[in-house]
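Structural features, examined
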There are 2 protein chains.
Amino acid sequence: MPTGKPPTSHDVARLAGVSQSTVSLVFRGAAGGRVGQRTQRAVLDAARQLGFRPNADARRLRVGGPRMVLIAVPDIVNPFFARVFTGARTAARERGFQVVLSVQRDLESVAADVAGQQVDAVLACSLDDGGRPLDDAVPAVVLDAEPPEGQGSVRFDIAPALTDVVDHLHRLGHRGIAHLRADVRTATFRERAEAVDAACAARGMNRVHASSALDVDAARAAALPLLAGGGSGPCAPGAFTAVVCDDDVLAVGVYKAAQALGIAIPGGLSVTGVDDVDLAMAVTPELTTVDLPGEELGETGMRRLVAELERADDEQAGGERVGADRGSDAGACVRLPAQLLIRGSTARPGTPLPLR
Amino acid sequence: MPTGKPPTSHDVARLAGVSQSTVSLVFRGAAGGRVGQRTQRAVLDAARQLGFRPNADARRLRVGGPRMVLIAVPDIVNPFFARVFTGARTAARERGFQVVLSVQRDLESVAADVAGQQVDAVLACSLDDGGRPLDDAVPAVVLDAEPPEGQGSVRFDIAPALTDVVDHLHRLGHRGIAHLRADVRTATFRERAEAVDAACAARGMNRVHASSALDVDAARAAALPLLAGGGSGPCAPGAFTAVVCDDDVLAVGVYKAAQALGIAIPGGLSVTGVDDVDLAMAVTPELTTVDLPGEELGETGMRRLVAELERADDEQAGGERVGADRGSDAGACVRLPAQLLIRGSTARPGTPLPLR
DNA sequence: TTGAAAGCGCTAACAC
DNA sequence: GTGTTAGCGCTTTCAA
């Protein structure tokens, strides 16, 4: 007569006519040579009959499971974040850490996940701006975002990469560009905008901009008036021969708009993107873009986090240090290089875009 | 003098000069009105000073956390699986279940994850062939795979969709096709191959095939000799005017090969894919493909799983049923429709491919 | 308003 | 070989 509660090892023991610790031995596989064959079989049978499964919580409480770090990303369908996750997971496993994934945009929800699981540390990727260190007392490293406080962070060195993009176009002979920005308010996109602006200014290049949500259709819609000469900014509309996009997805939208308007790429218009997704290689011509090594971002962040945890262990083991010594370089901000990949979508400017 | 072990609520109690249960009250937020302000502050201060964090395992052992289901996918970077995960997660949350992700290809590793966490059920997507029900006693539903035993499964109704593809090409006037298969041995790809073969046979269409790993470069390499007329099969090489691909990624490879050979799409060659990834919309011309609604797959599977769990609960609560009643429709295999999306990459055949 | 005490289900010494 | 026992860190009556 099973009750509403799942069976415990006691129940199994009773049914098998053995003691509870024998059940424990059998289920841990530590029964080799210590528990008789008959007994073992009896235990297993009783367990099956009852549908018994060892309670992992109780086991972990007793024995202490592997340490866990939670990885938070805003969107796992986006392959970039999936790569970050993969990289982080790899690094964690190497060090014997388990990882749990939390797909959340806001800190609140991440904090809830942290409380719910037995989490030892948090790796938070591309969180929305304005996040404080979520919970104190939980070591954390943020990825691709403004480090909230004295916390560690790993980010791309994105500004030089976008400077390279502009420079590349400039050297090809482009003298005016349009910048299609992603309508996302995170640090990385702000940095991209600033870098493009600065690079254009430094080279005396004409510059207009538009912005769009991070999907192809929105980008297409935003690009259409721009390419058709409807740009409204301080610069004369139409006075650009290249579009610099904040993301490859936006670049695809520009391809579509250009196609709709009968503008050839790269003959009539050069286009660049950021974040070397498969998209960049799939389109024709292949897209000149900036490679953002997501896996490496995840790996590097996880390694920092693990190092921090292990330092904390040592500290405790070795007795207390003076306060000033704590946190050594925990607040440091590592920058990962982002590399420009030149492909077929950029070329010397042909005829400037006709105003329509 | 902190030891190597993390502080417990007892430590906090001692430092704050209160009892352990008071600490517990404060940390559960159940202190409102029951614990004095001064006491509360003292507890919080002591906790901060010690770096105390409640032990989630102990808490769950006592109070029983939300139930968890583990979702296993072979590759989270593949957006299809990411969508499956997302759909499953959504459905789980609606019912108050937590989800944990396990990225593994083989059953062994999944089983390890199941044992490590307190998992109540498993949703396994696209596992390699030959998997038995991983652990008995853990309810499981498999997605997009041969149901191992009497277990539930949810899969796409892929055969009719590929029949539609062939039929579509046939109606356009194509009389011979090449089938570019994915070099992956799972049930879904076997079904695709069989469906294409059968559909061609039924219509008396010429058919050759090749196979390739699931990436663009491999597909391109595989498509090149095929398009150049080097196909080796029972059918005369070159006697096709369309390529049916097992996956959109493969189709992109075919685009590249066609481009390299100066073959226009769809003028000189029609191409189709499967699995409506962003890729299909990004390429030019847009790819005729079969939409595989991954989110729906995940949602449906999770709903089945949750229903099964809740049925089990009821059963236990209401006393034991006779054995024959168990499992009602647990072994049923649901099929989700997969829809053909016709886009620009298919058209009536122009000149047949020249043999080179 | 706070404290004492009894477990949650399991593991790991240690006894028999 | 198998059983006894004492906790793991927390929640939760029940007293004070």
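Since the model is a prediction, treat every value here as computed from it, not as a measurement.

To continue, consider the overall build of chain A. Along chain A, the regular secondary structure elements total 12 helices and 12 strands. Within the span of chain A, comprising 356 residues, buried residues form 50% of the whole. Considering only contacts within chain A whose residues lie at least 6 apart along the sequence, 73% involve residues at least 24 apart. Just so you have it, chain A exposes about 15600 Å², and 50% of that area is on carbon and sulfur atoms.

Before going further, it helps to examine the sheet that holds strand S6 (residues 176-182) of chain A. Residue and element names in this part refer to chain A. Taking strand neighbours across the sheet as the criterion, the 4 strands line up as S7-S6-S8-S9 in an open arrangement whose pairing is parallel. If you trace the sheet from one side to the other, it starts and ends with strand S7 (206-212) and strand S9 (270-272), each paired once. Shown here is a sheet whose adjacent strand axes are inclined to one another by a mean of 20°, direction ignored. Note: S6 against S7, 7 bridges, orientation parallel. Bridged to Ile 177 within S7 is Arg 207. Lying on the sheet, helix H7 (residues 158-172) is in contact with S6, strand S8 (242-245) and S9; it crosses S8 at an angle near 170°.

Least-squares fitting of chain B to chain A yields an RMSD of 0.1 Å, with the transformation described by 0.0 Å of translation along the axis and a rotation of 180°. Viewed as a symmetry operation, the transformation between the two copies matches a two-fold axis. Of the interface residues in chain B, 100% have counterparts in chain A that sit at the interface too, so the contact is made through matching surfaces.

On to the domain arrangement of chain A. All names here are of chain A. Its domain assignment divides chain A into domain 1 (9-155 + 294-336) and domain 2 (157-292). On the side of domain 2, 11 residues touch domain 1, which itself brings 11 residues to the contact. Linking domain 1 with domain 2 are 4 salt bridges, by the criterion used here. Glu 191 is paired through a salt bridge with Arg 335; the nearest N and O atoms lie 3.3 Å apart. Taken together, domain 1 and domain 2 are joined by 5 residue pairs in polar contact (both at pLDDT 80 or more). Elements represented by at least two residues in the side of domain 1 that touches domain 2 include exactly helix H5 (79-94) and strand S11 (333-337).

Take the sheet that holds strand S7 (residues 206-212) of chain B next. Residues and elements named next belong to chain B. If you walk across this open sheet you meet the 4 strands as S7-S6-S8-S9, and the pairing is parallel. Single-partner strands in this sheet number two, and they are S7 and strand S9 (270-272). With direction set aside, neighbouring strand axes in the sheet form an average angle of 20°. Along the sheet, helix H8 (residues 187-203) makes contact with strand S6 (176-182), S7 and strand S8 (242-245), crossing S6 at roughly 170°.

A few words now on the protein's contact with DNA strand C. Around DNA strand C, the structure places 25 residues, and the nearest of them are A:Ser9, A:Ser24, B:Gly33, B:Gly36 and B:Thr39. Taking the atoms of DNA strand C that fall within 4 Å of the protein, sugar and phosphate contribute 67% of them. At a separation of 3.4 Å, a base oxygen of DNA strand C approaches a polar side-chain atom of A:Gln20. Side-chain polar atom of B:Thr39 to a phosphate oxygen of DNA strand C: 2.4 Å apart, as the coordinates give it. Elements with a contribution of two residues or more to the surface near DNA strand C: helix H2 (20-28) and helix H4 (56-63) of chain A together with helix H2 (20-27) and helix H4 (56-63) of chain B. Here the residues of the surface near DNA strand C are counted per class, giving 7 nonpolar, 12 polar and 6 charged.

Around DNA strand D, 25 residues are found, and the nearest of them are A:Gly36, A:Arg62, B:Ser9, B:Gln20 and B:Ser24. For DNA strand D, the fraction of atoms within 4 Å of the protein that belong to sugar or phosphate moieties is 62%. Within the side chain of A:Thr22, a nitrogen or oxygen atom sits 2.9 Å from a phosphate oxygen of DNA strand D. In this structure, a base oxygen belonging to DNA strand D sits 3.2 Å away from a side-chain N or O atom of B:Arg62. At the level of secondary structure, the elements contributing two or more residues to the surface near DNA strand D comprise H2 and H4 of chain A together with H2 and H4 of chain B.

Here the focus is the packing of aromatic side chains. For any pair of aromatic rings, the description rests on two quantities: the centre-to-centre distance and the angle between the ring planes. Residues and elements named next belong to chain A. Here the structure, examined in full by the defined rule, presents 6 aromatic pairs over all chains. Measuring from ring centre to ring centre gives 5.4 Å for Phe 80 and Phe 81, while their planes differ by 65°; the resulting arrangement is edge-to-face. Its guanidinium or amino end placed over the ring of Phe 189, Arg 192 lies 4.3 Å from that ring's centre, counting from NZ or CZ.

Once that is clear, we can look at the interface of chain B and chain A. Residue-level contacts link 50 residues of chain B with 50 residues of chain A. Scanning the region where chain B abuts chain A turns up 4 salt bridges. Where B:Lys256 meets A:Glu286, a salt bridge forms, and the shortest distance between an N and an O atom there is 3.1 Å. Linking chain B to chain A there are 16 residue pairs in polar contact (both at pLDDT 80 or more).

Take H2(A) next. Residue and element names in this part refer to chain A. Among all positions of H2, only Thr 22, Val 23 and Val 26 are buried. Viewed end-on, H2 has its buried residues packed into an arc of 100°, placing them on one side of the element. Positioned one or two residues after H2, Gly 29 has a phi angle of 75°, which is positive.

As a working rule, side chains carrying opposite charge can pair if their charged atoms are close by. Summed over all chains, the structure comprises 28 salt bridges over all chains. The partner of B:Asp57 in a salt bridge is A:Arg60, and the shortest N-O contact between them spans 3.0 Å. Residue B:Asp57 is found in helix H4, and its partner A:Arg60 is found in helix H4; the two belong to separate chains. Neither B:Asp57 nor A:Arg60 differs from the other in exposure class; each is buried. Overlapping salt bridges bring together A:Glu146, A:Arg155, A:Arg190, A:Glu191 and A:Arg335 as one network.

Rules of the game
Residues numbered from 1 in each chain as written. Chains lettered and ligands numbered in written order. Predicted model: local features only at pLDDT ≥ 70, side-chain atom pairs only at ≥ 80, totals over all residues. Heavy atoms only, no water. Helix = DSSP H or I, 4+ residues; strand = E, 2+ residues; numbered from the N terminus. Buried < 20%, exposed > 50% of the residue type's maximum accessible area, 1.4 Å probe, protein only. Contact = heavy atoms within 4.5 Å. Areas by Shrake-Rupley, 256 points an atom, 1.4 Å probe, with all protein chains shown as cover. Pairing = 2+ DSSP bridges. Axes fitted to C-alpha atoms, helices over the stretch in contact; angles between N-to-C directions. Least-squares fit on C-alpha atoms with pLDDT ≥ 70 in both. Domains from an automatic or database assignment. Salt bridge = Lys/Arg side-chain N within 4 Å of Asp/Glu carboxyl O. Polar contact = N/O pair within 3.5 Å; in protein donor to acceptor, adjacent residues only side chain to side chain. Near = heavy atom within 4 Å. Nonpolar A, V, L, I, M, F, W, Y, C, P; charged D, E, K, R; others polar. Phe/Tyr/Trp six-rings, centres within 6.5 Å; stacked < 30°, edge-to-face > 60°. Lys NZ or Arg CZ within 6 Å of the ring centre and 35° of its normal. Arc of directions from axis to C-beta.

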